[in-house]
Amino acid sequence: MKLRPLADRVIVKRLEQETKTASGIVIPDNAAEKPDQGEVLAVGPGKKNDKGELSAMSVKVGDRVLFGKYSGQTVKVDGDELLVMKEDDLFAVVEK
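Residues numbered from 1 in each chain as written. Predicted model: local features only at pLDDT ≥ 70, side-chain atom pairs only at ≥ 80, totals over all residues. Heavy atoms only, no water.

Enquirer: What is the right way to look at the sheet that holds strand β6 (residues 73-77) in this model?
Expert: What holds strands together in a sheet is hydrogen bonding between their backbones, with the strands either parallel or antiparallel. Within the open sheet, the 6 strands sit side by side as β6-β7-β1-β2-β5-β8. Their pairing is antiparallel. Each edge of the open sheet carries a strand with a single partner, namely β6 and β8 (90-94). Neighbour-to-neighbour, the strand axes of the sheet open up by a mean angle of 40 degrees, direction not taken into account. As paired strands, strand β5 (residues 64-67) and β8 are joined by 4 bridges and run antiparallel to one another. Bridge pairing in β8 links R64 to V94. (Pairing = 2+ DSSP bridges. Helix = DSSP H or I, 4+ residues; strand = E, 2+ residues; numbered from the N terminus. Axes fitted to C-alpha atoms, helices over the stretch in contact; angles between N-to-C directions.)

Structural data, given as structure tokens:
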């Protein structure tokens, strides 16, 4: 990857959503909502506090995270659509 996030930002790739319901109905691409889960591809070094000390990030590369539907800024890198967002925009880490 050619992106290195700054401060408390993370790079997230959206995970694809199931396009078929439990009852077998296929949802067309234009009607499907964007998922609110993704995989962390890169993390920044962290944010500095008032004393100038670096606060460690709570997430790491490879974590599966939950975020708001409209969180982050979408960017295209090497044909992939990625999200750049602050760590505060993440709701939770999905434990496996």
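Picking up where we left off.
Enquirer: Even after reading the chapter, I still don't get the pattern of salt bridges, so can you show me in this structure?
Expert: Pairing of side chains with opposite charge becomes possible as their charged atoms draw close. As enumerated under the stated definition, the model contains 1 salt bridge in all. In this structure, D63 engages K60 in a salt bridge whose closest nitrogen and oxygen atoms are separated by 3.1 Å. Judged by relative accessible area, which is 10%, D63 ranks as buried. Judged by relative accessible area, K60 falls into the exposed class, the value being 53%. (Salt bridge = Lys/Arg side-chain N within 4 Å of Asp/Glu carboxyl O. Buried < 20%, exposed > 50% of the residue type's maximum accessible area, 1.4 Å probe, protein only.)

Enquirer: Just checking my understanding: could you explain the environment of E39 for this structure?
Expert: You can see E39 is positioned in strand β2 (residues 37-43). Along the chain, E39 and G62 lie 23 residues apart, while their C-alpha atoms are 5.9 Å from each other.

Enquirer: Looking at this structure, how should I read the nonpolar core?
Expert: Most often, soluble globular proteins have nonpolar side chains that are buried together. Counting 10 residues, the largest nonpolar core consists of V10, V12, V40, M57, V59, V65, F67, L83, M85 and L90. Contributing elements (two or more residues each) for this core: β1 (9-14), β5 and β7 (80-86). Once residues within four sequence positions are removed from consideration, M57 is found in contact with A7, D8, R9, V10, V43, G44, P45, G46 and E87. (Core = buried A, V, L, I, M, F, W, Y, C linked by side-chain atoms within 4.5 Å. Contact = heavy atoms within 4.5 Å.)

Enquirer: Where do I start with the side chain of E87 in this structure?
Expert: Tracing the sequence through the fold places E87 in the loop between β7 and β8. With residues near it in sequence (within four places) discarded, E87 still touches D8, M57, S58 and V59.

Enquirer: Would you explain the environment of N49 in this entry?
Expert: With respect to the helices and strands, N49 occurs in the loop between β3 (47-48) and β4 (54-55). The class for N49 is partly exposed, based on a relative accessible area of 32%. From its side chain, N49 meets the backbone nitrogen of K51 in a polar contact 3.0 Å long. (Polar contact = N/O pair within 3.5 Å; in protein donor to acceptor, adjacent residues only side chain to side chain.)

Enquirer: Looking at this model, I keep getting lost on the side chain of S71. Mind explaining?
Expert: Structurally, S71 can be placed in the loop between β5 and β6. Every residue in contact with S71, bar those within four places of it in the chain, is listed here: L83, M85 and D89.

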